[in-house]
Structures are given as C-alpha cells and as structure tokens.
Amino acid sequence: MGSEISLPVLTQSTDEPTTPTRPKPYLSHSQPMASGSSSGSGMDWYQKVVDELKLMYHDILLPLEQDSEFAECHSGYLEDSDFYAVPLVLIIGQYSTGKTSFIRYLLGENFPGMRIGPEPTTDCFTVIMKGKNESILPGNAVVLDRNKPFRSLSKFGNAFLNKFYLAQMDNPVLDSLAFVDTPGILSGDVNMLNRGYSVCDALEWFASKADRIILLFDAFKLDVSEEFRRSIESISKYDYKMRIVLNKADSCGSRDLLRVYGAMLWALGKVLSCSEVVRVYTGSFWDEPYDFDHNRNLFDLEKQALIDDMKVLPRHAIVKKVNDFCRRARLAKVHAYIISALKKEMPSVFGKDAKKKELLTNLDKIYKQIQREHNISPGDFPPIERMRDMLKDQDFSKFQPLKPKLIERVDNMLADDIARLMQMIPQEEAIKSEQPSVKGGAFDMVENTPFSTGALEGADRGRGTGQWVVAENQAKYNEDFQKLGPIDGKLSGATAKAALLKSKLPHTVLRKIWELSDIDLDGCLDADEYALAMHLADIKVGGGDLPKVLPDHLVPPSKKKEGFSP
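Residues numbered from 1 in each chain as written. Predicted model: local features only at pLDDT ≥ 70, side-chain atom pairs only at ≥ 80, totals over all residues. Heavy atoms only, no water.

A. Layout of helix α10 (residues 296-311). Taking 1.5 Å per residue as the helical rise, α10 with its 16 residues ought to reach 22 Å, and the 22 Å between its terminal C-alpha atoms agrees with that figure. Along α10, the positions that sit buried rather than exposed are F299, E302, K303, Q304, L306, I307, D309, M310 and K311. (Helix = DSSP H or I, 4+ residues; strand = E, 2+ residues; numbered from the N terminus. Expected span 1.5 Å × (residues − 1). Buried < 20%, exposed > 50% of the residue type's maximum accessible area, 1.4 Å probe, protein only.)

B. Seen up close, the environment of S492. If you trace the backbone, S492 turns up in the loop between β9 (490-491) and α18 (493-501). When its relative accessible area of 33% is taken as the criterion, S492 is described as partly exposed. It is 9.7 Å that separates the C-alpha atoms of S492 and D522, two residues lying 30 residues apart in sequence. Beyond its immediate stretch of four places on either side in the chain, S492 contacts G523 and C524. Within polar-contact distance, the side chain of S492 engages the side chain of T495 at 3.0 Å. (Contact = heavy atoms within 4.5 Å. Polar contact = N/O pair within 3.5 Å; in protein donor to acceptor, adjacent residues only side chain to side chain.)

C. Inspection of the packing of aromatic side chains at higher detail. Evaluation of the coordinates by the stated rule reveals 18 aromatic pairs. Taking 5.4 Å as the distance between ring centres and 10° as the angle between the ring planes, the aromatic pair formed by F125 and F206 counts as stacked. Residue F125 is found in strand β2 (residues 125-130), and its partner F206 is found in helix α7 (residues 199-209); the two are separated by 81 residues along the sequence. A relative accessible area of 0% places F125 in the buried class. With a relative accessible area of 0%, F206 lands in the buried category. Between W205 and F206, the ring centres sit 5.0 Å apart and the planes meet at 85°, which makes this aromatic pair edge-to-face. (Phe/Tyr/Trp six-rings, centres within 6.5 Å; stacked < 30°, edge-to-face > 60°.)

D. Structural view of the packing of helix α11 (residues 313-345) against helix α15 (residues 404-424). Between α11 and α15, the shortest axis-to-axis distance is 11 Å and the interhelical angle comes to 170°. By the angle between their directions, the pair α11 and α15 is classed as roughly antiparallel. Of the residues in α15, those touching α11 at V322, F325, C326, A329, R330, K333, A336 and Y337 are I407, V410, D411, M413, L414, I418, L421 and M422. For the contact of α11 with α15, the per-class residue count stands at 13 nonpolar, no polar and three charged. (Axes fitted to C-alpha atoms, helices over the stretch in contact; angles between N-to-C directions. Parallel < 35°, antiparallel > 145°, perpendicular 65-115°, else oblique. Nonpolar A, V, L, I, M, F, W, Y, C, P; charged D, E, K, R; others polar.)

E. Fine view of the nonpolar core. The biggest cluster of nonpolar side chains holds 52 residues, and the ones touching the most others in it are F325, I338, L342 and L391. If you tally residues by element for this core, the top one is α11, at 14 residues. Other than its neighbours up to four places away in sequence, L342 contacts L359, L363, I366, L391, F396 and F399. Grouped together as the second largest cluster of nonpolar side chains are 51 residues, M129, F156, W205 and I235 included. (Core = buried A, V, L, I, M, F, W, Y, C linked by side-chain atoms within 4.5 Å.)

F. Broad picture of the pattern of salt bridges. Enumeration according to the criterion identifies 34 salt bridges in this entry. The residue R409 makes a salt bridge to D59 at a minimum N-O spacing of 3.4 Å. Of this pair, R409 sits in helix α15 while D59 sits in helix α1 (residues 44-67), placing them 350 residues apart in sequence. Comparing R409 with D59, the two get one shared label, buried. In this structure, the salt-bridge partner of K320 is D324, at a minimum N-O distance of 2.4 Å. With K320 and D324 both in helix α11 and four residues apart, the pair spans about one turn of that helix. There is no split in this pair, since K320 and D324 are both buried. (Salt bridge = Lys/Arg side-chain N within 4 Å of Asp/Glu carboxyl O.)

This is how it looks when you write it as structure tokens:
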C-alpha cells in the first residue's frame, strides 16, 4: 500500500500558530501509487492530487483536529495509507445470505480463510486485499502496520481485534478493489448477543471508509432482525454508497419472485429512510446452476449491471477522496466550535460535573447558537444524540479554546486549494481512457461470444463469423416481406413504416433503425434491407443496444457486392 513516510512533527501549543510557508503544489512523487493505479505518465495527475491532498491534511487540517481532540469523538487521525488505499467494497447481510460466496464469485476463486455453509460460518470481519503470497494476518498485527489503513481500529479493543483478519492473495481483481466480509447478522435478541464489541460501531467505521456498501438479502430470509436493523441505521447516513442485492432469487418462480421483491422493499423501508430509491439488483450471485432458469436473462443482466457499477469505483476514487476530505474538514470545523463553546461555559473551580450535565442536556441550544454565529448549515453538524454519547466521558475543562487562525486556514483551504485541486482532475472521458478497468474474476467479460451478456440479443452477435447473422431468420423475414406486397422488389417508406411501428418502439429508435437499414439511401427497403431492419428492431425489443454505425457483419452480402458500405 506504499512505503512508510516520516510525518512532520506537529507540536501542540496554546498560542495561535503562525502560518507556515506552503510547499509548492505538484510535489516530488516519492510515495508509490496504490495497487491498480497506473504509474505511467497518463496518470501523473492522480498522484499529484493524492500527494496534494495528503499535504493539505498534515499541514492544515491535522493541527485543527489535534487541537480540538477530534479523534477522541470521531474517527482517528488519517494515515498516509488512507490516501493511497484502493476502493473498498463493504458486504453486509444476515447470516447465510451468501456474503462470502458473493465475494468468491467476484474474485473468481477461494480466498484465504473462506468458509461457506448454511449455518452462521462468518463471525469475524475479514478484509481481502492484494498480497504477493496467500496469508491471513490477525487484527492485532494489522492495526500496527502503518502501511495499512486500519490503525484506528485499535480503539475497538481486543474483543474486536480477535475477530478481525486481513486476508491477502495475488488476484487481479484486488489490484483495483478491496473487500470486507462482515459477520453474519444474527436473528436472536440483540441483548443476548454478547460479542464483546459493538458491531454497529465497527460497521460504521468501515462504512465511512468504503466506496460501495452492498446490503445482501436472501430471497428466503427477508425478516430484519433487531441487530440487522441497528446495523442498517448506524450506516444510514452513507445511503448514497449503498446498493441492495436480492440474492438466491433463482430459487423462486416468477410469481413468487414478485412477492419476495415487494416483501424485501417493505421490510427495508421500515429501517432505511433516504431521499432517493436505493438501487436493487436481483439474481443469484455464485457459480452454481440456476434452480429456475426462466428468468436467466434478467439475472444475467442484473449481474452485469452490478459488475459495471463496481467497475467505475477506481475511476471515481480520486473524486471520492476529495469529497470525503472536504466532508471531514467541515466536520472538524464544527467540532472545534462545539468544543470551544463547551470550554467557555465551564466553571474554573467548582460545579464542573453539574455544569457538564447541563451543557449536554442543552447541546441542541449550543448547536443553534453556533449555526447563527458562524453561518453553518445544520447538515454539517454530527447527530446530537451521538455527540452527547461521545462527549459524556470527556473532561470539558481540558478542552482548548478556539484558535481562529486554525479555522481560517481550513476555510481558505476549502475555498481555494480544493478548487485548484479539482481543476487538476481530468474530465470523466479522459479518466475513463486512462484508468484501467477492473480485471479478473467476474469482472472479465470476453466480448463477442454466444454467452456474453446480451450477446444473443445484441448487435455484436455473429461478429467475426464471416456470415450474415440476419440470414438465420431470413426465411421468416422474406415471408413477411412478400405479404406486404413489394413493388419491383421493394417496399415503399410508408409500407415499411407501418410494419416497423408494430414493434411499438419510439419514433427516435425507428428513425435510427431506418438510417442503418436503408443502405442504398433510396427511401425504400428491399428484401435484405427489410430483414436487416426487422433484425435491428428485434435487438432493441430484446433489450440490446443499436450500433452507432452498421458493423460489417450486419451488412447484407448483396449490398457488399453492389459496392455499398455502411
């Protein structure tokens, strides 16, 4: 994940610090890039942005966090490895919903320490990351490694670390992504489940680091247990990262699948309240045969849609890093205001405990006061109940008074430096061409085979065979063509239009089909052109995409002889 770097020594002082000389942007790039990021010149901007972001943190944001004891109430201080880590995919679900099988399906092979069974088999947090050799590292050793972004997990204590492992293996998928396999959420009384640590707090920590959160549901296990409900609520603020997977859907018939889908949304709606509908993927995410394969096309398309959704994570990783950094900076500012307000109200000698209780009770009034005085949006404040819980064990008298210059430097960073940083990031299309896609496992899709997703319905079918694929159904197309009464071997535009309208496709799509089919541009369709038009219409009705330009394997042989080219 990168070599160890000596951080600057940051001394804490009660005096307001003087603004140090800012290093020039575009640093010397001694820090290697994370696995999966291109090291060629085309991706130099990526490392420049990450290096600048890391510099801003150590130079500007970290002093404010240290002064306000940010790590005591929120997530720990960031390590260098946090900036260079590959995108993280967090898998959450109740026991025996297929979480481990899902990761195995994505990787295309078993990973170290993997156990699969109908009973609750996964009772620990396992991170699967890139490594030269297969190995399993225990949690106590992992959190001591500065090259891994897990050092702040030590706050959960030995009870958690004894159930935390890092599995490393040499798999091409892990060049670009890392995965977290979580304990199966049990269905018993949450008060009777003594794990020794808070699963919800641990899930929230991973959710804050994750680029994608997958909530996995079993088609035959739709009840939401109390622990599962609390787990979902603890990460609900990260709903923009969430995707829902209805797994093992091949075990249901079509009618039952509709009922199961509706029941899942009903159960989920009671615990997950968000402004937008979370994307749901339906299928069977493993390599076993389908129990009911009449929904095969649906399941295959849903699988590919989910794969495509995860494929873009490396491409969007840098934007997410900048976005998360800005969110952290705003939270650190608000935290500093809250801490200084509490410090200001504390008595110097007597009545500290009573005053602390009073301040915690009236924390909502302090929130409103800070909002008015500093013109801060309510959305930048941490949840008030959670803040009360985090502050109840803190000694308010030891808090530091506000240092305006630290706040000013963070404001200037958000206003100027972040804007400059965003200008260094290329446009989406440029990133797409430079950033290599995720390779390996389920992410490898060989194009132009009969079993490629959508191949049977898509325009690529038959490419490379040397045959005109439309000829397979030409007898039927010719029969329909003759029924329409061609004149001199051709159908007029009006007659052909009436036939194409029966497909019920929009006019914009039919216009594109006509442009591709009328190869000789005479405003009429002969038998081969009509067969091609109906073939393209069938592709679109079947859910495929039309080509922008007619590929060579779809050009009728008769047109090639006449010298026409698409």
